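# Report on the structure
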Amino acid sequence: MDVAGEVLLVLELVREVSATGIAVGGGGNDGVSFRKDCTDLVRRISLLSHLIEEIGEFRSRPVDVEESESESESWSSDLVVALRAAKRLLSLAGNFRSKSSSVSFMDGATRRITSLFQSVTWKLEKALSSIPYDHFDISEEVQEQVELVRSQLRRATERYGSLNSKMLSHALAQLLNEEIDQGQLGNRLIKSLHIQNNGSIDREVSLKMGAVPESNGSKSHGVNIISYKSRRLGNTSDHSEACLVTDIDADGQDNSPNKSLDEIKKPDPVAIPDDFLCPISLELMRDPVIVATGQTYERSFIQRWIDSGNATCPKTQQKLENFTLTPNYVLRSLITQWCAKHNIEQPTGLTNGKIKKSDGSFRDVSGDIAAIRALVRKLSSRSVEEHRTAAAEIRSLSKRSTDNRILIAESGGIPILVNLLTSEDVLTQENAVTSILNLSIYENNKGLIMLAGAIPSIVQVLRNGSMEARENAAATLFSLSLGDENKIIIGASGAIPALVALLQDGSARGKKDAATALFNLCIYQGNKGRAVRAGIISALLKMLTDPSNCMVDEALTIMSVLASHHEAKVAIVKASTIPVLIDLMRTGLPRNKENAAAILLALCKRDSDNLACISRLGAVIPLTELAKSGTERAKRKATSLLEHLRKLQQL
């Protein structure tokens, strides 16, 4: 098959996976276990469409035909295998989620499907690593995007557990060779996993089948409650994550025969007791609460369940007589003791009313906890005045210290503050959005804010709130968008047009907040088209030509990120921006000259019309000066542009 045929095949598979993901992710509240695994996998694969499109646009340089075909065949065959496996796995996980109910089946099949997610994730990362990017002349922007996807895939593979490459390959081959027949699915999985009547699994068989071995560990980001599948922690003194015991190196190769004795004798990971895991998230609980049926859940997850309109207990399916959430202090104490015994960092810095300080000592915050919980209760009051007063105090507390940010989140304040974003009281809304901004500064709170479904309400504030509320909403989106996957969620929420509007009509501070958020969001390739369609290019051009020159640097930085995108490239040229960029190369500050040259290079790459345009407009002289005396990056960009101009003259 030629390159064009391979590209069409891979692109079609990417689209089919995306379509499968929409169906898988569109169900109700059943089967929370694999919803995030499915959506994460689909999201990462969807990001590859830009890469495949660039390969499709490629016109190869004169090279040896056999070498070209060999490189082409290698990249496509591996990627096709990975994508077909992903498509089949999404179908399997979707059917399992919607129809499985037996406890023993759930236990065994969950392990089985988890191992398949690991195998597919591993294979996809390996396939991406084998693509000859230089051969296909892939742009820097797309290469950076693919590298981002690869790093996410590597982390995901590690989170699922540590298996050697042979076991991963075996599990993948088994997935591709199986016919996914939902009618036979339960019997096949139960038989293959040797599930006993009590739900236990034969360990030896599970190893052969590629399930997560009892003795293997996986990375655990204790407070990252969005990671659904991490069920095991290794002993570690590192506060950021448990140690990973793995037989796979950075390239995915099995290195066990080459390991030293010291490396082999790593401490065995510790299995988290099932009673310590939230039945919804399968994560170690940080704030266990009891519902009316007597079942215990992680507060944030059960609150989200109830807020979604559910009136039953997720585990027993019994109707909840009331929605009261009673703290399970006994279980929390047991979890604390267990974590201390096994030298495992607790999900938060809060332990028995004390917060761990940077020097390792503890500070008693029991008095602060009581005061903050009282404030959080006032946030739920029916009195508008109490809402306003409590939100103002929470705003003040959340600004003062990290400890307060931990305690406010620990007291369940985040979901309530998110609800107050829709308050008709202007002051309450301003205080709520600013409190969420302050809370998001603490890294571990970002996941809680996203989990509380805050983005749509923040975007609504950004559109219709007071100027202060809009400014702080933009700053909050920037803070949350620091997480790679959050960029996708925020971009799809309608935030970008609202940010562009603030960029155009906001106060000086509001414009800077909007510019910062837009820059960060546009690092993700899929958001660039959204920004262009929202009118960002005309807004940036206005900033470039503003006599005050107060935001030229921000405008050029954003435009340099956008310039490699096709829609942005067309819009930049159509807006007559090229003369402005050439003028900035003459008169701007060093960093502005650098960014102007970078934008022009992106516009002129593989575009003879734009090259001829900058030549007519006198770009050669400022480019020559920049190549001699600019910053290192400016020199590279200017030299490259001059080389393109020289080649154009030779045609």
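Placed above this text is the structure.
Description of the structure in this document. Here the structure is a predicted model, which is why all the values come from computation and not from measurement.

## Comments concerning the sheet that holds strand 4 (residues 296-298)
Taken in spatial order, the three strands line up as 4-3-5 in an open sheet, and their pairing is antiparallel. The sheet is open, and its two edges are formed by strand 4 and strand 5 (326-327), each paired on a single side. Strand contacts of helix 11 (residues 299-307): strand 3 (288-290), strand 4 and strand 5, with the helix running at about 95° to strand 4, the strand carrying the most contacts.

## Brief notes about helix 18 (residues 443-451)
Within helix 18, seven of the nine residues are buried, which leaves it mostly tucked inside the rest of the structure. The set of residues buried in helix 18 consists of Asn 445, Lys 446, Gly 447, Leu 448, Ile 449, Met 450 and Leu 451. Backbone geometry just after helix 18 places Gly 453 at a positive phi near 70°.

## Quick word on the packing of aromatic side chains
As enumerated under the stated definition, the model contains one aromatic pair in all. Ring centres of Phe 276 and Trp 338 lie 5.9 Å apart, and the angle between their planes is 75°; on these two criteria the pair is classed as edge-to-face. In this pair, Phe 276 is assigned in the loop between strand 2 (270-271) and strand 3 and Trp 338 in helix 12 (residues 329-341), connecting sequence segments 62 residues apart. When its relative accessible area of 10% is taken as the criterion, Trp 338 is described as buried.

## Points about helix 2 (residues 35-46)
Taking 1.5 Å as the rise per residue, helix 2 with twelve residues should run 16 Å; its terminal C-alpha atoms sit 16 Å apart, in good agreement. With respect to burial, helix 2 is a largely interior element, ten of its twelve residues being buried. What helix 2 keeps buried is the set Arg 35, Lys 36, Asp 37, Cys 38, Asp 40, Leu 41, Val 42, Arg 43, Arg 44 and Ile 45.

## As for the side chain of Glu 54
Within the secondary structure, Glu 54 is located in helix 3 (residues 49-57). Buried and without a salt bridge, Glu 54 has Arg 606 as its closest oppositely charged side chain, separated by 4.6 Å.

## Some thoughts on the nonpolar core
If you look at the biggest cluster of nonpolar residues, it comprises 97 residues, and the most contacted ones within it are Leu 503, Ile 536 and Ile 614. Ignoring sequence-local partners within four residues, the contact set of Leu 503 consists of Lys 511, Ala 514, Ala 515, Leu 518, Ile 536, Ala 539, Leu 540, Met 543 and Met 551.

## Regarding unusual backbone geometry
Even without being a glycine, Gln 317 presents a positive backbone phi close to 65°. Examined against the element boundaries, Gln 317 turns out to sit in the loop between helix 11 and strand 5.

## A short note on the packing of helix 23 (residues 508-521) against helix 26 (residues 552-562)
For any two helices packed against each other, one specifies the crossing angle of their axes together with the interaxial distance. It is the contact of helix 23 with helix 26, at a shortest axis distance of 10 Å, that shows an interaxial angle of 20°. By the angle class used here, helix 23 and helix 26 are roughly parallel. Judged by the twist between their axes, the crossing of helix 23 over helix 26 is left-handed. Facing Lys 512, Ala 515 and Phe 519 of helix 23, the residues of helix 26 in contact are Glu 554, Thr 557, Ile 558 and Val 561.

The rules behind these values
Residues numbered from 1 in each chain as written. Predicted model: local features only at pLDDT ≥ 70, side-chain atom pairs only at ≥ 80, totals over all residues. Heavy atoms only, no water. Pairing = 2+ DSSP bridges. Helix = DSSP H or I, 4+ residues; strand = E, 2+ residues; numbered from the N terminus. Contact = heavy atoms within 4.5 Å. Axes fitted to C-alpha atoms, helices over the stretch in contact; angles between N-to-C directions. Buried < 20%, exposed > 50% of the residue type's maximum accessible area, 1.4 Å probe, protein only. Phe/Tyr/Trp six-rings, centres within 6.5 Å; stacked < 30°, edge-to-face > 60°. Expected span 1.5 Å × (residues − 1). Lys, Arg positive; Asp, Glu negative; His and termini not counted. Salt bridge = Lys/Arg side-chain N within 4 Å of Asp/Glu carboxyl O. Core = buried A, V, L, I, M, F, W, Y, C linked by side-chain atoms within 4.5 Å. Parallel < 35°, antiparallel > 145°, perpendicular 65-115°, else oblique. Left-handed = near helix turned anticlockwise from the far one by under 90°.

Geometric values such as these leave the question of function open.
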